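Given next are the chains, with one letter for each unit.
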Amino acid sequence: TMQTLTGYAGAIVDEVVRYFDARCAFLQERGVKHIILDPGFGFAKDMRQNYELMAGLHRICAMGYPVLVGVSRKSMIYKLFGITPDEALNGTTAINTIALMQGASILRVHDVKAAREAVEIFCKTFPNE
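J.: How would you summarise the overall build of the protein if you had to cite specific residues and measurements?
T.: From N to C terminus, the protein includes 6 helices and 2 strands. Written out in order from the N terminus, the α and β elements of the protein read α-α-α-β-α-α-β-α. Over its C-alpha trace the protein gives a radius of gyration of 15 Å, about what one expects of a compact globule, namely 14 Å for 129 residues. Seen along its three principal axes, the alpha-carbon backbone of the protein occupies a region of about 45 × 40 × 20 Å. Going through the 129 residues of the protein one by one, you find that 38% of them count as buried. Partitioning the contacts of the protein with sequence separation of at least 6, the portion at a separation of at least 24 is 64%. Accessible surface, the protein: about 7,800 Å² in total, of which carbon and sulfur atoms supply 58%. Distance between charge centres in the protein, computed from 14 positive and 13 negative side chains, equals 4 Å.

J.: Requested: an account of the packing of aromatic side chains, with residues and values cited.
T.: According to the stated counting rule, one finds 2 aromatic pairs in the structure shown. Judged by centre distance (5.8 Å) and plane angle (55°), the rings of Tyr 19 and Phe 20 are tilted. Taking the relative accessible area as the measure of exposure, Phe 20 reaches 9% and is therefore buried. Consider the rings of Phe 122 and Phe 126, whose centres lie 5.3 Å apart with planes at 40°: the pair is tilted.

J.: Requested: an account of the side chain of Asp 111, with residues and values cited.
T.: Inspection of the secondary structure assignment puts Asp 111 in the loop between strand S2 (106–107) and helix H6 (112–125). The exposure class of Asp 111 is buried, given its relative accessible area of 18%. Here Arg 73 takes part through its side chain, which lies 2.6 Å from a polar atom of the side chain of Asp 111. In contact with Asp 111, other than residues within four places in its own chain, are Ser 72, Arg 73 and Leu 89.

J.: Break down unusual backbone geometry for me, citing the residues and quoting the values.
T.: Apart from glycine, the bulk of residues carry a negative phi angle, and the bulk of peptide bonds sit in the trans form. Positive phi values are uncommon outside glycine, yet Ala 44 reaches one of about 55°. Here Ala 44 lies in the loop between helix H1 (12–29) and helix H2 (47–55). The phi dihedral of Arg 73 falls on the positive side, at around 60°, and the residue is not glycine. With respect to the element layout, Arg 73 can be found in the loop between strand S1 (68–69) and helix H4 (75–81).

J.: How would you summarise the nonpolar core if you had to cite specific residues and measurements?
T.: Within soluble globular proteins, side chains that are nonpolar tend to cluster in buried spots. Core analysis: the biggest nonpolar cluster contains 28 residues, and Leu 37, Phe 41, Met 54, Leu 57, Ile 60 and Val 69 have the highest contact counts within it. Of all the elements in the fold, those that place two or more residues in this core are H1, H2, helix H3 (57–61), H4 and helix H5 (89–102). For this core, the element with the highest residue contribution is H1, accounting for 6 residues. For Leu 37, the contacting residues outside a window of four places in its chain are Phe 20, Cys 24, Ile 60, Met 63, Tyr 65, Pro 66, Val 67 and Leu 68.

J.: Lay out the pattern of salt bridges with the relevant residues and their values.
T.: Using the criterion set out here, one finds 8 salt bridges in the structure. Here the salt bridges do not stand alone but share partners, grouping Arg 73, Asp 86 and Asp 111 into one network.

J.: Quick rundown of the environment of Ala 55? Include the residues and the values.
T.: Note on placement: Ala 55 falls in helix H2. Look at Ala 55 and you get partly exposed, because its relative accessible area is 48%. As a C-alpha pair, Ala 55 and Thr 84 span 29 residues in sequence and 24 Å in three-dimensional space.

J.: How would you explain a nonpolar patch on the surface if you had to name every residue and give the values?
T.: A contiguous nonpolar patch, built from Met 47, Leu 80 and Phe 81 and spanning about 290 Å² of accessible area, is present on the exposed surface. Here Phe 81 is to be found in helix H4.

J.: Now, about the packing of H1 against H2: what can you tell me, with residues and values included?
T.: Packing of H1 against H2 brings their axes to within 8 Å, and their N-to-C directions diverge by 65°. In terms of axis orientation, H1 runs roughly perpendicular to H2. Facing H1, whose interface residues are Ile 12, Val 13 and Val 16, H2 presents Gln 49, Glu 52 and Leu 53.

Definitions and limits used
Residues numbered from 1 in each chain as written. Predicted model: local features only at pLDDT ≥ 70, side-chain atom pairs only at ≥ 80, totals over all residues. Heavy atoms only, no water. Helix = DSSP H or I, 4+ residues; strand = E, 2+ residues; numbered from the N terminus. Rg over C-alpha atoms; globule rule 2.2 N^0.38 Å. Buried < 20%, exposed > 50% of the residue type's maximum accessible area, 1.4 Å probe, protein only. Contact = heavy atoms within 4.5 Å. Areas by Shrake-Rupley, 256 points an atom, 1.4 Å probe, with all protein chains shown as cover. Lys, Arg positive; Asp, Glu negative; His and termini not counted. Charge placed at Lys NZ, Arg CZ, Asp CG, Glu CD. Phe/Tyr/Trp six-rings, centres within 6.5 Å; stacked < 30°, edge-to-face > 60°. Polar contact = N/O pair within 3.5 Å; in protein donor to acceptor, adjacent residues only side chain to side chain. Core = buried A, V, L, I, M, F, W, Y, C linked by side-chain atoms within 4.5 Å. Salt bridge = Lys/Arg side-chain N within 4 Å of Asp/Glu carboxyl O. Patch = residues over 30% accessible without salt bridge, like charges linked within 9 Å, V, L, I, M, F, W, Y side chains within 5 Å. Axes fitted to C-alpha atoms, helices over the stretch in contact; angles between N-to-C directions. Parallel < 35°, antiparallel > 145°, perpendicular 65-115°, else oblique.

Structure (structure tokens):
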């Protein structure tokens, strides 16, 4: 039923930021020191919402916590091109690079070599990021 729960009251990025603000405050009040944010690409979000979330990922990254992005071979890639998940490496690499440019600090991937190369190119291009 997760994919039927895509109705959000406002803009997806605003909703996710509000949710993380509340949850992080709750956790910090209880002494949690290490928090990683995962915006949940593909979970209770349609394709448009996933791309809107990616476009606004910099706002989540600006919250000051490490941000994990897990888009590897997800439907937001393979359905866009009408291909299978096994054929989605190029799209995955492109979105991982966009995520890095937005400020993501952790990538969850299936294809480690391709992701490592994307990270190395990103770091070489933007050494202070």
